[in-house]
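Inside the fold
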Amino acid sequence: MKAWTVGDNDNGGDEWGEEVRLTQQAVQAVNKLKPRPRFMVICGDLIHAMPGTPWRQEQERDLKGALRGTDPSIPLIFLSGNHDIGNTPTPDTIAQYCSSWGDDYFSFWVGGVLCLVLNSQLFFDSSACPDLRDAHEAWLVDQLEKAQSKACRHILVFQHIPLYLHSPEEENDYFNLERGVRDKLIQRFRQAGVKAVFSGHYHRNAGAVNNGLDMVVTSAIGCQLGTDPHGLRVVVVTEEKVVHRYYSLEQLIADGLEPDLQKLLA
């Protein structure tokens, strides 16, 4: 959740109120889905106020209030983004995040699918928390090694910052991971059999499939930096494939899923 037109919701006001309204609308859209989603992921930047800035506690309170209407049968999965723990996270900012939202990285299983939730800020700049970076790295290596030995239907990764926006060979940018880090992760993910990586951060839809790895960049419920509508992405997982589609909030509330996705869920 962040400013959606001129970037002034660090001070509260009408723009923050619009973010809250759009989040409530997203909750309404998700609650109407049939069958109920197995879980809902918010891919980081839960709030706009950076660590140590005003309005942070109020924004956390408002977001939790907006999400409270989510059907209790739908678990909420939270990821840490740069606005949540800082562009250069510290042990304190990560501890504050964990106190408010839960662990900053973890894994879970749903219907034979292994899901890995990563703290991508540790890939971006871990200079202020090298011990936490090393712990995250050791955990990820262990998870990927174990995944190769288990009968996973699919492996899905969720992280705030995309590996890339359009191509693994693209130049370094604020909205992707540095090339050396990116290449190492792509190699690991492919070796482990990761099917898709889901990210946010860009506030526009982007991504591409490269050698079987689907990098999926999803725009925002609120602030749009491009021409995409306020919306969310629906992901359907079958035995054979992972299918995803971005919907505007209005479309999803009015019409629900399209017939081809409904058929996959039948």
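Keep in mind that this is a model prediction, so the values were computed, not measured.

Cut-offs and rules
- Residues numbered from 1 in each chain as written.
- Predicted model: local features only at pLDDT ≥ 70, side-chain atom pairs only at ≥ 80, totals over all residues.
- Heavy atoms only, no water.
- Helix = DSSP H or I, 4+ residues; strand = E, 2+ residues; numbered from the N terminus.
- Buried < 20%, exposed > 50% of the residue type's maximum accessible area, 1.4 Å probe, protein only.
- Contact = heavy atoms within 4.5 Å.
- Areas by Shrake-Rupley, 256 points an atom, 1.4 Å probe, with all protein chains shown as cover.
- Lys, Arg positive; Asp, Glu negative; His and termini not counted.
- Charge placed at Lys NZ, Arg CZ, Asp CG, Glu CD.
- Salt bridge = Lys/Arg side-chain N within 4 Å of Asp/Glu carboxyl O.
- Phe/Tyr/Trp six-rings, centres within 6.5 Å; stacked < 30°, edge-to-face > 60°.
- Core = buried A, V, L, I, M, F, W, Y, C linked by side-chain atoms within 4.5 Å.
- 1 Å grid on protein atoms, 1.4 Å probe; cavity = no way out; pocket = protein on both sides within 12 Å on 5 of 7 lines; lining within 4 Å.
- Points joined across faces, edges and corners; volume = space filled by probe spheres on them.
- Nonpolar A, V, L, I, M, F, W, Y, C, P; charged D, E, K, R; others polar.

Let's talk about the overall build of the protein
Looking only at helices and strands, the protein features nine helices and 10 strands. Dimensions of the protein, computed from the C-alpha atoms along their principal axes, are close to 50 × 50 × 35 Å. Out of the 266 residues belonging to the protein, those deemed buried represent 52%. Within the protein, contacts between residues separated by at least 24 positions form 60% of all contacts whose residues are at least 6 apart in sequence. Split by element, the accessible area of the protein, about 12000 Å² in all, is 50% carbon and sulfur. In the protein, the 25 positive side-chain charges and the 35 negative ones have mean positions that sit 8 Å from each other.

Describing the pattern of salt bridges
Tallied over the entire structure, the rule returns 11 salt bridges. Across the pair Asp183 and Arg179 runs a salt bridge whose closest N-O atoms are separated by 3.1 Å. A residue pair is termed a helical-turn pair when its members lie 3 or 4 positions apart in one helix, as Asp183 and Arg179 do in helix α7 (residues 179–192) at four residues. Looking at Arg179, the relative accessible area reads 30%, which means it is partly exposed. The partner of Glu258 in a salt bridge is Arg245, and the shortest N-O contact between them spans 2.8 Å. One end of the pair, Glu258, is in the loop between α8 (249–255) and α9 (259–265); the other, Arg245, is in strand β10 (residues 242–248), with 13 residues separating them in the sequence. Exposure remark for Glu258: the relative accessible area of 29% places this residue in the partly exposed category. Taking the relative accessible area as the measure of exposure, Arg245 reaches 23% and is therefore partly exposed.

Describing the packing of aromatic side chains
Each aromatic ring pair is summarised here by two numbers: the centre-to-centre distance and the angle between the ring planes. Scanning all chains against the criterion turns up eight aromatic pairs. Consider the rings of Phe39 and Phe158, whose centres lie 6.1 Å apart with planes at 85°: the pair is edge-to-face. On the criterion of sequence distance, the pair formed by Phe39 in the loop between α1 (14–32) and β1 (40–42) and Phe158 in strand β5 (residues 154–158) is long-range, its members being 119 residues apart. This pair shows no difference in class: Phe39 is buried, exactly as Phe158 is. Between Phe175 and Tyr202 the ring centres are 5.2 Å apart and the planes differ by 75°, which places this aromatic pair in the edge-to-face class. Pair noted here: Phe175 is in the loop between β5 and α7 and Tyr202 is in the loop between β6 (194–199) and β7 (206–210), with a separation of 27 residues, a long-range link. For the pair Phe175 and Tyr202, a shared accessibility class is recorded, and that class is buried. Members of the aromatic cluster, connected to one another through ring pairs, are Phe39, Phe106, Phe108, Phe158 and Phe198.

Some thoughts on the nonpolar core
Leu116, Leu118, Leu140, Leu163, Phe189, Val194 and Val197 are the most contacted members of the largest nonpolar core, which totals 28 residues. Leu140 has contacts with Leu116, Leu118, Phe123, Leu185 and Arg188, leaving out every residue within four places of it along the chain. Grouped together as the second largest cluster of nonpolar side chains are 17 residues, Val236, Val243, Leu249 and Leu261 included.

Notes on empty space enclosed by the protein
A complete count under the given rule lists one cavity of 30 Å³ or more for this structure. Estimates place the volume of the largest cavity at around 30 Å³. If you go around the largest cavity, the residues you meet are Asn82, Asn87, Gln121, Phe124, Ile161, Tyr174 and His201. In terms of residue class, the lining of the largest cavity is made up of three nonpolar, four polar and no charged.

A word on unusual backbone geometry
In this model, Lys34 is joined to Pro35 through a cis peptide bond whose omega is -5°. With respect to the helices and strands, Pro35 occurs in the loop between α1 and β1. Backbone geometry places Trp55, a non-glycine residue, at a positive phi of 75°. Locating Trp55 in the fold gives a position in the loop between β1 and α2 (56–67). Relative accessible area serves as the criterion here: at 38%, Trp55 is assigned to the partly exposed category. Positive phi values are uncommon outside glycine, yet His201 reaches one of about 75°. Considering the arrangement of structural elements, one finds His201 in the loop between β6 and β7. Residue classification places His201 among the buried residues on the basis of a relative accessible area of 7%.

Honestly, it's all geometry; don't read function into it.
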